[in-house]
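# Chains, contacts and geometry: an overview
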Amino acid sequence: MALASRILSRSRQIYATQAVFSRDNAAFSVRSYAKDASPPALKGDEMLKEIFLDVKKKYETVLSVFKREKITIDPDDSAAVTQYANVWKIARKEAGLLSDSERIQNTIEVHTRDIPDARTYLLKLQEIRIKNGLLDEIGAEKLMFEALEKVEKEIKKPLLRNDKKNMALLLAEFDKVNKKLGIKKEDLPKMEEELDLKVAKIELAEMKKDVVEAMETQLKREEFKDEKMPDVRTIDIRSFM
């Protein structure tokens with residue numbers, strides 16, 4: 001079923017991002033292990049086995065939540081989107097996984113930590129946003145690039161992230177952008193919740209597409225030629241898990 005494979009994919013994605021930031025996680029162990037001149041093979045096997053069992057356990061925990069909680073495959077219904085987001089919230093809590101906003105933030109940290117200049121940093125943020133299917137509905141990205149253009153024009157050189165003095169100028173410009181857009185620090189929890197809802201809507205749309213395609217393929221078979229396609233919203237996917 002489309003949902004089961006999507007859960008597995010998302011669980012792996014969240015877990016992989018989370019692992020990068022664990023102090024004594026397997027990712028760092030792999031690096032140390034690779035540098036060892038003569039590492040015992042068993043340790044590597046045990047490490048991989050531990051990772052596999054942990055991912056398996058988290059996946060089964062998430063799957064058990066979706067078998068328990070009903071969702072409606074309707075990305076155009078705000079109540080259905082909210083319900084789907086809440087089910088994922090329950091699943092993440094029980095499985096010990098990151099939220100969507102935490103996952104994206106960690107992705108940003110991983111992919112930007114070695115970027116030296118501000119322009120490439122902003123371009124990477126743009127790339128990550130697009131890859132996650134998120135829209136810049138308020139035009140913040142354009143204003144951030146305009147702020148960077150202003151600072152670089154003023155200092156007459158590309159802005160490096162380790163240039164504390166001139167980075168302070170950019171951050172001051174970003175504060176003006178936030179003020180212009182009406183963004184306040186106290187609004188961050190609400191914005192994180194909105195991000196989770198956006199991701200939930202995207203996933204429900206993808207799930208609907210997968211289910212419709214699967215049903216259309218099924219109805220092309222001879223034994224189902226007289227059957228009518230059911231409304232996706234009426235399908236209880238727990239019956240297929």
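How each quantity is defined
Residues numbered from 1 in each chain as written. Predicted model: local features only at pLDDT ≥ 70, side-chain atom pairs only at ≥ 80, totals over all residues. Heavy atoms only, no water. Helix = DSSP H or I, 4+ residues; strand = E, 2+ residues; numbered from the N terminus. Buried < 20%, exposed > 50% of the residue type's maximum accessible area, 1.4 Å probe, protein only. Contact = heavy atoms within 4.5 Å. Areas by Shrake-Rupley, 256 points an atom, 1.4 Å probe, with all protein chains shown as cover. 1 Å grid on protein atoms, 1.4 Å probe; cavity = no way out; pocket = protein on both sides within 12 Å on 5 of 7 lines; lining within 4 Å. Points joined across faces, edges and corners; volume = space filled by probe spheres on them. Nonpolar A, V, L, I, M, F, W, Y, C, P; charged D, E, K, R; others polar. Phe/Tyr/Trp six-rings, centres within 6.5 Å; stacked < 30°, edge-to-face > 60°. Core = buried A, V, L, I, M, F, W, Y, C linked by side-chain atoms within 4.5 Å. UniProt positions renumbered as here; feature names shortened; annotations may be inferred. Salt bridge = Lys/Arg side-chain N within 4 Å of Asp/Glu carboxyl O. Axes fitted to C-alpha atoms, helices over the stretch in contact; angles between N-to-C directions. Parallel < 35°, antiparallel > 145°, perpendicular 65-115°, else oblique.

### Let's talk about the overall build of the protein
A tally of helices and strands in the protein yields nine helices and zero strands. Reading the helices (α) and strands (β) of the protein from amino to carboxyl end gives α-α-α-α-α-α-α-α-α. For the protein, with 241 residues in total, the buried portion stands at 34%. Taking the intrachain contacts of the protein between residues at least 6 apart in sequence as the baseline, contacts between residues at least 24 apart amount to 66%. Surface accessibility of the protein: about 15700 Å² in total, with carbon and sulfur atoms responsible for 55%.

### Overview of the layout of surface pockets
By volume, the largest pocket is sized at about 1700 Å³. Along the walls of the largest pocket sit 39 residues, with Ala 140, Met 144, Ile 183, Leu 188 and Met 191 positioned nearest its centre. Among the secondary structure elements, those contributing two or more residues to the lining of the largest pocket are α5 (100–112), α6 (118–131), α7 (140–155), α8 (164–181) and α9 (188–219). With eight residues, the top contributor of residues to the lining of the largest pocket is α8. A per-class count over the lining of the largest pocket returns 23 nonpolar, four polar and twelve charged.

### Quick word on the packing of aromatic side chains
Applying the stated criterion across every chain, the model contains two aromatic pairs. Each ring, one from Phe 66 and one from Trp 88, has its centre 5.3 Å from the other, and the planes form 70 degrees; the classification is edge-to-face. Taken together, the positions of Phe 66 in helix α3 (residues 41–68) and Trp 88 in helix α4 (residues 78–95) put the pair 22 residues apart, joining distant regions of the chain. With a relative accessible area of 1%, Phe 66 lands in the buried category. Under the relative-accessibility criterion, Trp 88 is labelled buried at 2%. By the ring-pair criterion, three or more aromatic residues cluster together here, those being Phe 66, Tyr 84 and Trp 88.

### Thoughts on the nonpolar core
If you look at the biggest cluster of nonpolar residues, it comprises 21 residues, and the most contacted ones within it are Val 62, Phe 66, Ile 71 and Tyr 84. At the level of secondary structure, the elements contributing two or more residues to this core comprise α3, α4 and α9. Ranked by residue count, the leading element in this core is α4, at seven residues.

### Focus on the UniProt feature "coiled-coil region" (unreviewed entry) in the protein
UniProt records the feature "coiled-coil region" (unreviewed entry) at residues 190–217, using the numbering of this structure. Helix makes up 100% of residues 190–217 and strand 0%, with an end-to-end C-alpha separation of 41 Å.

### A short note on the pattern of salt bridges
Evaluation of the coordinates by the stated rule reveals 16 salt bridges. The partner of Asp 196 in a salt bridge is Arg 92, with the nearest N and O atoms 4.0 Å apart. Within this pair, whereas Asp 196 is found in helix α9, its partner Arg 92 is found in helix α4, the two being separated by 104 residues in sequence. Both residues of the pair, Asp 196 and Arg 92, belong to the buried class. With a closest N to O distance of 3.1 Å, Lys 131 and Glu 127 form a salt bridge. Taken together, the residues span about one helical turn, with Lys 131 and Glu 127 both in helix α6 at a distance of four residues. One salt-bridge network, held together by shared partners, links Arg 68, Glu 69 and Glu 94.

### Digging into the packing of α4 against α9
A pair of packed helices is captured by two measures, namely the crossing angle of their axes and the spacing between those axes. With their axes 9 Å apart at the nearest point, α4 and α9 run at an angle of 105 degrees to one another. Relative to α9, α4 is oriented roughly perpendicular. Of the residues in α9, those touching α4 at Ala 80, Val 81, Thr 82, Tyr 84, Ala 85, Trp 88 and Arg 92 are Asp 196, Leu 197, Ala 200, Lys 201, Glu 203, Leu 204 and Met 207. Counted by class, the contact of α4 with α9 contains nine nonpolar, one polar and four charged residues.

### A word on the environment of Asp 54
Note on placement: Asp 54 falls in helix α3. The exposure class of Asp 54 is partly exposed, given its relative accessible area of 27%. It is 10.0 Å that separates the C-alpha atoms of Asp 54 and Ala 95, two residues lying 41 residues apart in sequence.

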